[in-house]
Amino acid sequence: MKIKRIKDAILPTPWGEFIIVGFEEKLKNKNHVALIYGNINKKDPILVRIHSECLTGDALFSLRCDCGSQLKTALMIIAKEGCGILIYHRQEGRNIGLLNKIRAYNLQDQGLDTVEANHKLGFSADERDFTICSDILKLMHIKKIRLLTNNPLKIKALQDSGINVIERINLISGRNSKNNNYLNTKINKMGHLIPK
């Protein structure tokens, strides 16, 4: 297991009161968090969203992606469900890091799409390690989930790591004129399950 659980605290949000749980990667200087709503031990399978860190979308309100909108929508859906977990997976820019993400944005400004930009910088289309998320779920004794995602790669990675994904639930939110090409690239080149 790559992860250890650190501490929990109450996190009030506009959608209700969550418990925030801190996790630390044992071999890297990286931290991740899970936001828990309701009694997760009483629901099986549990509703889960894995949200990869996006400073520009989540905190700076960028319209280049759908991340900030997806984060808010996922928290709202979990709260409405009455029970669930959002893992905030701190692998910025599909795990190429913030500065490389800005370099990729610059290449996109010059006409490349998000996949082409990553390749030009020497990265694959998606560098994320979702086994960290399955470790987090296992530490919380979660084995069966309903996953809020449009990304089939997340489903496969979790299932390959021993998490049983019973159901995939669409998370369609935040399409706009600034991110239309980005979302179409995710559909056409990365297999994301987003209606056009």
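One can find the structure itself at the top, above this paragraph.
From a predicted model like this one, the values you see are computed outputs, not experimental measurements.

1. Observations regarding the state of the cysteines
All told, the structure shown has zero disulfides when counted by the stated rule. Cys54 takes part in no disulfide bond, and the closest cysteine sulfur to it belongs to Cys67, at a distance of 3.7 Å. The buried category is assigned to Cys54, whose relative accessible area is 3%. Cysteine Cys133 remains unbridged, with the sulfur of Cys67 as its closest cysteine sulfur at 14 Å. With relative accessibility at 0%, the residue Cys133 sits in the buried group.

2. Section: the sheet that holds strand β7 (residues 164–169)
The seven strands are arranged β1-β2-β3-β5-β4-β6-β7 in an open sheet whose pairing can be described as mixed. In the strand order of this sheet, the two ends are held by β1 (3–13) and β7, each with one partner. Strand after strand, the sheet turns through a mean of 25 degrees between neighbouring axes, direction not considered. Two elements, strand β2 (residues 16–25) and strand β3 (residues 31–37), share six bridges in a ladder whose sense is antiparallel. Following the sheet pairing, Gly22 is matched in β3 by Val33. Along the sheet, helix α2 (residues 67–81) contacts β2, β3, β4 (46–52), β5 (84–89) and β6 (144–148); its crossing angle with β4, the most-contacted strand, is approximately 165 degrees.

3. Some thoughts on the pattern of salt bridges
Counted under the stated rule, the structure contains 12 salt bridges. The partner of Asp66 in a salt bridge is Lys186, with the nearest N and O atoms 3.6 Å apart. On the criterion of sequence distance, the pair formed by Asp66 in the loop between α1 (55–59) and α2 and Lys186 in helix α8 (residues 180–190) is long-range, its members being 120 residues apart. The pair formed by Asp66 and Lys186 is uniform in burial state, with each residue classed as buried. In this structure, Glu167 engages Arg146 in a salt bridge whose closest nitrogen and oxygen atoms are separated by 3.1 Å. One end of the pair, Glu167, is in strand β7; the other, Arg146, is in strand β6, with 21 residues separating them in the sequence. Arg146 sits in the buried class, given a relative accessible area of 17%. It is possible to trace a salt-bridge network through shared partners that takes in Glu81, Arg146 and Glu167.

4. Things to note about the nonpolar core
Of all hydrophobic cores here, the largest spans 26 residues; its most connected members are Ile85, Leu137, Met140, Ile145 and Leu158. Sort the elements by how many residues they give to this core and helix α6 (residues 131–139) lands first, with four residues. Setting aside its immediate chain neighbours within four residues, Leu158 contacts Ile50, Phe130, Cys133, Ser134, Leu137, Ile145, Leu147, Ile163 and Val165. With 13 residues, the next largest nonpolar core counts Tyr37, Leu75, Ile78 and Leu148 among its residues.

5. Points about a nonpolar patch on the surface
A surface patch of nonpolar side chains, amounting to about 450 Å² of accessible area, comprises Leu55, Leu60, Leu98, Leu99 and Ile102. On the secondary structure map, Leu99 appears in helix α4 (residues 98–109). In this structure Leu99 comes out as exposed when scored by relative accessible area, which is 58%.

6. Focus: the side chain of His192
By secondary structure assignment, the location of His192 is in the segment after α8. In contact with His192, not counting residues within four places along its chain, are Asn150, Asn151, Pro152, Lys186 and Ile187.

7. Points about α8
One turn of the α-helix equals 3.6 residues, which is why residues spaced by three or four share an orientation. Burial in α8 covers these residues: Tyr182, Leu183, Thr185, Lys186, Ile187 and Met190. On the buried face of α8, the contacting elements are α3 (92–95) and α5 (114–120). Just beyond α8, the residue with positive phi is Gly191, at close to 75 degrees.

Cut-offs and rules
- Residues numbered from 1 in each chain as written.
- Predicted model: local features only at pLDDT ≥ 70, side-chain atom pairs only at ≥ 80, totals over all residues.
- Heavy atoms only, no water.
- Disulfide = S-S within 2.5 Å.
- Buried < 20%, exposed > 50% of the residue type's maximum accessible area, 1.4 Å probe, protein only.
- Pairing = 2+ DSSP bridges.
- Helix = DSSP H or I, 4+ residues; strand = E, 2+ residues; numbered from the N terminus.
- Axes fitted to C-alpha atoms, helices over the stretch in contact; angles between N-to-C directions.
- Contact = heavy atoms within 4.5 Å.
- Salt bridge = Lys/Arg side-chain N within 4 Å of Asp/Glu carboxyl O.
- Core = buried A, V, L, I, M, F, W, Y, C linked by side-chain atoms within 4.5 Å.
- Patch = residues over 30% accessible without salt bridge, like charges linked within 9 Å, V, L, I, M, F, W, Y side chains within 5 Å.
- Areas by Shrake-Rupley, 256 points an atom, 1.4 Å probe, with all protein chains shown as cover.

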